[in-house]
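Analysis of the macromolecular model
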Amino acid sequence: MSATIDLPGFADPARDAQRAFRAVLAAMAEPGSLRMAGDDLIAPAPLAPATAAVLLTLVDGDMSLAMDAATYPAHPWVIFHCGTTLTEPAKARFIVALDCPDLSTLPSGSDEAPEESSTLILQVRALGSGTPYCLSGPGLRSPMILRADGLPADFAAHWAANHALFPRGIDIILCAGATLVALPRSMTVENA
Amino acid sequence: MKGYNFAYLDEQTKRMIRRAILKAVAIPGHQIPFGSREIPLPYGWGTGGIQVTAAILGADDRLKVIDQGADDTTNAVSIRRFFARTADVATTTKTADATVIQTRHRIPETALRDGQIIVYQVPQPEPMYRLEPSRVETRRMHALADYGLMHVKLYEDIARLGHIGISYDYPVMVNARYLMAPSPIPAFDNPKMHMMPALQLFGAGREKRIYAVPPYTEVRSLDFVDHPFHPARAPHACGLCGAGDSYLDEVLTDDRGGRLFVCSDTDYCETRRADGQVGAEGVPVGMPGGAVEATQ
């Protein structure tokens, strides 16, 4: 535990967080596009550098965070560097996970405040290779193919139920190594 | 700049604004409440736009700031200098060279491209505020996508005036879901928002709202089949550069009725004149009385 907590966060918090945020923003604006984040960060196991960078960039004491069992060994580092407290997924605004949770159990906001939904930071084995998914929606001039390794087999069906809630719904940031991809709720995702 | 964090705002404030921006991009056209901070200039001078710009700006960005299309007005100059001092960011007046463009009430004439971000300063984010003063009610109307009130307003304009009497801040439907105020840009600029390659972010400081339109997103100006949306433009060519396609400002030149129509977008006008285009009342660049090359 102490070995994990001893790992540093961003070397230059203001500038490194800005670079990581712009990667997430570009990913959210162009869903399916691969962006780099956290490439110079030493992430605590089992978190990937991109996962750790997204947490440092977006989560703080104002936000509740849930970690699934697989990411739990990194919790001392996350609590120390983000200054956040852990809660259960059904109450969390941010969820970090290695195994994709049931999206329907996560807060999806209300009709009047759809922004009060959770953001799922989902670490997968690889992005850019693996199962192909066809993405279309705002941000994309034409449909594009996203390849991701490590999503559940029935992900497209689960996502369709999430997308049907629009404007409510969960937004996902997929992370693998130092790359990330965003799936805002506005996206249509189909098996390609 | 000593004594201030990079880009003026503290990191916790930036994280709060960044979370709002991400949700805004995920829900195109929906207004996200945020904890607007005090900024060293008055409300109404771009405090919302400045906070959004401060949250996204990085050392490798190149910032352009325009006020009604002009790079050289007081508001544009002071905001550009604010970020040059607090974020040590490179600045430009060239639309094509900028990575981030903060704007008050115009979209540049030069088409924006992939990867650019345009930040609008918004005085009133609620498109229905003149029709329904209660925010509780308008939130409910947005939740239900109940925009009949706005259609009635447009219909009454047509019944009284024969046309829709809105020339700026013309309401748009974003992604066929949310009614959105495009900020007080002229209706002439509305078509530029449709399927724009650049990311569009909107910040309203006094009203404490952030909203966004992702790239390549449908943005339709409200209209009727028999009264289609018609962007208005003064029927003249720019007196200085001769452009027949740009939005024009009318400038009074004397007290005997003299007037001059010039491009509102100063960069567009200067670029055209530098390329040798001369309007009816212009002087070629480099000639006595002619324009000098714009300097930062």
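Residues numbered from 1 in each chain as written. Chains lettered and ligands numbered in written order. Predicted model: local features only at pLDDT ≥ 70, side-chain atom pairs only at ≥ 80, totals over all residues. Heavy atoms only, no water.

**As for the overall build of chain A**
Note the following rule: The way it works is that DSSP assigns letters per residue, a run of H or I at least four long becomes a helix, a run of E at least two long becomes a strand, and they are numbered from the N terminus. What the globule rule says is 2.2 Å times the number of residues to the power 0.38, and the radius of gyration is computed from C-alpha atoms. Categorising residues by exposure relies on relative accessible area from a 1.4 Å probe, with only protein chains included: less than 20% of the type maximum marks a residue as buried, more than 50% marks it as exposed, and the intermediate range marks it as partly exposed. Exposure was quantified through the Shrake-Rupley algorithm and a 1.4 Å probe, taking into account, for residues, occlusion by the shown protein chains and nothing else. We score Asp and Glu as negative and Lys and Arg as positive, and we do not count His or the chain ends. Taken as the charge centre is NZ of Lys, CZ of Arg, CG of Asp or CD of Glu, depending on the residue.
Counting its secondary structure elements, chain A contains five helices and nine strands. The N-to-C order of helical and strand elements in chain A reads α-α-β-α-β-α-β-β-β-β-α-β-β-β. Taking 2.2 N^0.38 as the reference for a compact globule, 192 residues should give roughly 16 Å; the C-alpha atoms of chain A span a radius of gyration of 16 Å, in line with that estimate. C-alpha atoms of chain A, sized along the principal axes, occupy 45 × 30 × 30 Å. Expressed as a percentage of the 192 residues in chain A, the buried residues total 55%. Summing over all exposed atoms, chain A offers an accessible surface of approximately 7,300 Å²; the carbon and sulfur share of this is 54%. Each charge class in chain A was averaged separately, 11 positive and 20 negative side chains, and the resulting centres sit 7 Å apart.

**Structural notes on empty space enclosed by the protein**
Empty space among the atoms can be located by rolling a probe the size of a water molecule over them. Counted only if it meets this: Here the term cavity refers to a set of points on a 1 Å grid, laid over the protein atoms alone, in which a 1.4 Å probe fits but cannot get out; the term pocket refers to an open set having protein on both sides within 12 Å along at least five of seven lines, with lining residues being those that place an atom within 4 Å of a point. Grid points are joined across faces, edges and corners, and a volume is the space filled by probe spheres set on the points. Residue classes follow a fixed rule: Ala, Val, Leu, Ile, Met, Phe, Trp, Tyr, Cys and Pro count as nonpolar, while Asp, Glu, Lys and Arg count as charged, and any other residue, Gly among them, counts as polar.
Following the criterion strictly, the structure yields two cavities of 30 Å³ or more and no others. Its volume calculated, the largest cavity comes out at about 170 Å³. Around the largest cavity, the lining is made up of 16 residues, and of these E112 of chain A together with H30, Q31, R139 and H142 of chain B lie nearest the centre. Here the lining of the largest cavity gets five residues from one element, more than from any other, and that element is helix α4 (residues 135–144) of chain B. Of the residues assigned to the lining of the largest cavity, the class counts are four nonpolar, five polar and seven charged.

**A few points about the sheet that holds strand β10 (residues 219–221) of chain B**
Residue and element names in this part refer to chain B. Short version of the rule: Whether two strands pair comes down to DSSP finding at least two bridges between them. The angle between two axes is taken between their N-to-C directions and runs from 0 to 180 degrees, where each axis is a line fitted to C-alpha atoms and a helix contributes only its stretch in contact.
Ordered in space as β7-β6-β10, the three strands form an open sheet in which the pairing is antiparallel. Strands at the two margins of the open sheet, each flanked by one partner only, are β7 (178–180) and β10. On average, adjacent strands in this sheet sit at an angle of 30 degrees to one another, irrespective of strand direction. Alignment of strand β6 (residues 172–174) against β10, held across three bridges, turns out to be antiparallel. Its bridge partner lying in β10, V172 is registered against S221.

**A word on the layout of surface pockets**
For the largest pocket, the calculated volume is near 640 Å³. Taken together, 33 residues line the largest pocket, and the ones lying closest to its centre are R22, L25, A26 and R35 of chain A together with G115 of chain B. When contributions to the lining of the largest pocket are tallied by element, the ones reaching two or more residues are α2 (13–29) and β1 (35–36) of chain A. In terms of residue count, the dominant contributor to the lining of the largest pocket is α2 of chain A (nine residues). Split by residue class, the lining of the largest pocket holds 14 nonpolar, seven polar and twelve charged. Considering the residues around the second largest pocket, the lining is formed by 21 residues, among which Y129, R130, I166, Y168 and D169 of chain B are closest to the centre.

**A look at the sheet that holds strand β7 (residues 171–176) of chain A**
Taken in spatial order, the six strands line up as β1-β8-β7-β4-β3-β2 (chain A) in an open sheet, and their pairing is mixed. Two strands bound the open sheet, and with one partner strand each, they are β1 and β2 (65–67) of chain A.

**With respect to the interface of chain A and chain B**
Heads up, the rule is: In this analysis, two residues are considered to be in contact whenever any of their non-hydrogen atoms come within 4.5 Å of each other. Basic side-chain nitrogens of Lys or Arg form a salt bridge, by our definition, when they fall within 4 Å of a carboxyl oxygen of Asp or Glu. Contacts described as polar in this section are N or O atom pairs within 3.5 Å, which, within protein, must combine one atom able to donate a hydrogen with one able to accept it, while residues neighboring in sequence count only if both atoms come from side chains.
In this complex, chain A contributes 37 residues to the contact, which on the side of chain B involves 36 residues. Linking chain A with chain B are seven salt bridges, by the criterion used here. For K23 of chain B, the salt bridge is made with D171 of chain A, and the minimal N-O distance between the two is 2.8 Å. Connecting chain A to chain B are 15 residue pairs in polar contact (both at pLDDT 80 or more).

**Concerning the packing of aromatic side chains**
Residue and element names in this part refer to chain B. Put simply, the test is: Note on aromatic pairs: the rings of Phe, Tyr and Trp (six-membered ring only in Trp) are paired at centre separations within 6.5 Å, and the planes decide the class, stacked below 30 degrees, edge-to-face beyond 60, tilted for the rest.
Per the counting criterion, the structure on display carries nine aromatic pairs over all chains. Summarising the aromatic geometry, the rings of F82 and F83 are spaced 5.0 Å apart at their centres and angled 80 degrees between planes, so their arrangement reads as edge-to-face. Exposure class is identical for F82 and F83. Each is buried. The interplanar angle of 40 degrees and the centroid separation of 5.5 Å between the aromatic rings of F188 and Y247 together place this pair among those described as tilted.

**As for the pairing of strand β5 (residues 126–136) of chain A**
Residue and element names in this part refer to chain A. For β5 and strand β6 (residues 144–149), the ladder comprises seven bridges, and the chain directions are antiparallel. Across the sheet, the residue bridging to T131 is A148, located in β6. Where β5 and strand β9 (residues 188–191) come together, four bridges link them in antiparallel fashion. Its bridge partner being in β9, L135 is matched across the sheet by V189.

**Considerations on the packing of helix α3 (residues 49–58) of chain A against helix α4 (residues 75–82) of chain A**
Residues and elements named next belong to chain A. Note the cut-off: The cut-offs work like this: below 35 degrees is roughly parallel, past 145 is roughly antiparallel, 65 to 115 is roughly perpendicular, and the gaps in between are oblique. Each crossing gets its handedness from the near helix: less than a right angle anticlockwise from the far helix is left-handed, clockwise is right-handed.
Running from amino to carboxyl end, α3 crosses α4 at an angle of 30 degrees, the nearest separation of the two axes being 9 Å. With respect to α4, the element α3 is oriented roughly parallel. The way α3 lies across α4 gives a crossing that is right-handed. Contact residues: α3 offers A52, L55 and L56, while α4 offers W77, V78, H81 and C82. Grouping the constituent residues of the contact of α3 with α4 by class yields six nonpolar, one polar and no charged.

**A closer look at the state of the cysteines**
For the record, the criterion: The rule for a disulfide is simple: a pair of cysteine sulfur atoms within 2.5 Å.
All told, the structure shown has zero disulfides over all chains when counted by the stated rule. Cysteine C100 of chain A is unpaired, with the sulfur of C175 of chain A as its nearest cysteine sulfur at 13 Å. The exposure class of C100 of chain A is partly exposed, given its relative accessible area of 24%. Here C238 of chain B is not disulfide-linked; the sulfur of C263 of chain B is the nearest cysteine sulfur, at 3.6 Å. Judged by its relative accessible area of 1%, C238 of chain B falls in the buried class.

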